[in-house]
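A look at the structure
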Amino acid sequence: MILPTIDMARTGANIVALRKAAGLTVHDLQMVFGFNSPQAIYKWQNGTALPTVDNLVILAVLFHVRVDDILVIKQP
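Source: prediction; values computed, not measured.

Some points on the nonpolar core
- The biggest cluster of nonpolar side chains holds 13 residues, and the ones touching the most others in it are Leu-29, Trp-44, Leu-59, Phe-63 and Ile-70.
- Elements represented by at least two residues in this core include exactly helix 1 (8-21), helix 2 (26-33), helix 3 (39-46) and helix 4 (53-63).
- The element that contributes the greatest number of residues to this core is helix 4, accounting for four residues.
- If we skip the residues at most four places from it in the chain, Leu-59 touches Leu-29, Phe-33, Trp-44, Pro-51 and Ile-70.

Examining the side chain of Asp-7
- With respect to the helices and strands, the residue Asp-7 is situated in the loop between strand 1 (5-6) and helix 1.
- At 3.3 Å, the side chain of Asp-7 forms a polar contact with the backbone nitrogen of Ala-9.
- Side-chain polar atoms of Asp-7 contact the backbone nitrogen of Arg-10, separated by 3.0 Å.
- If we ignore the near neighbours within four places in the chain, the residues touching Asp-7 are Val-72 and Lys-74.

Points about helix 3
- Looking at helix 3, one finds that the buried residues are Ile-41, Trp-44 and Gln-45. The arc that holds every buried residue of helix 3, seen down its axis, measures 95°, which confines them to one face.
- Where helix 3 is buried, its residues touch helix 1, helix 2 and helix 4.
- One or two positions beyond helix 3, positive phi appears at Gly-47, with a value near 80°.

Quick word on the packing of aromatic side chains
- The full count for this structure, using the stated rule, is three aromatic pairs.
- Ring centres of Phe-33 and Phe-35 lie 5.3 Å apart, and the angle between their planes is 15°; this geometry places the pair in the stacked category.
- You can call Phe-35 partly exposed: its relative accessible area is 24%.
- Every member of this aromatic cluster is reached through a ring pair, and the members are Phe-33, Phe-35 and Trp-44.

Details of the pattern of salt bridges
- Applying the stated criterion across every chain yields a total of three salt bridges.
- As a salt-bridge pair, Arg-10 and Asp-7 come within 4.0 Å of each other at their nearest N and O atoms.
- Overall, Arg-10 belongs to the exposed group, its relative accessible area being 51%.
- A residue is classified by how much of its surface remains accessible, and Asp-7, at 12% relative accessible area, is buried.
- Members of the salt-bridge network, linked through shared partners, are Arg-66, Asp-68 and Asp-69.

About the criteria used
- Residues numbered from 1 in each chain as written.
- Predicted model: local features only at pLDDT ≥ 70, side-chain atom pairs only at ≥ 80, totals over all residues.
- Heavy atoms only, no water.
- Core = buried A, V, L, I, M, F, W, Y, C linked by side-chain atoms within 4.5 Å.
- Buried < 20%, exposed > 50% of the residue type's maximum accessible area, 1.4 Å probe, protein only.
- Helix = DSSP H or I, 4+ residues; strand = E, 2+ residues; numbered from the N terminus.
- Contact = heavy atoms within 4.5 Å.
- Polar contact = N/O pair within 3.5 Å; in protein donor to acceptor, adjacent residues only side chain to side chain.
- Arc of directions from axis to C-beta.
- Phe/Tyr/Trp six-rings, centres within 6.5 Å; stacked < 30°, edge-to-face > 60°.
- Salt bridge = Lys/Arg side-chain N within 4 Å of Asp/Glu carboxyl O.

Shown next as structure tokens:
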């Protein structure tokens, strides 16, 4: 059975686009999440890491979208 996977690079690009559309900066997200540095957010945006499920839910609320609208799925 071949299962779908998350396209991390396209998901990162999507996070950037959704963040900008919501009028938020990386610094804004850093403050919301209480991160000491913006590294995690840059990793999400660059597609080198994914937000945790909890953080995806928060992003969805901030961006006024569903979690499914943030993730880009590669279909087999």
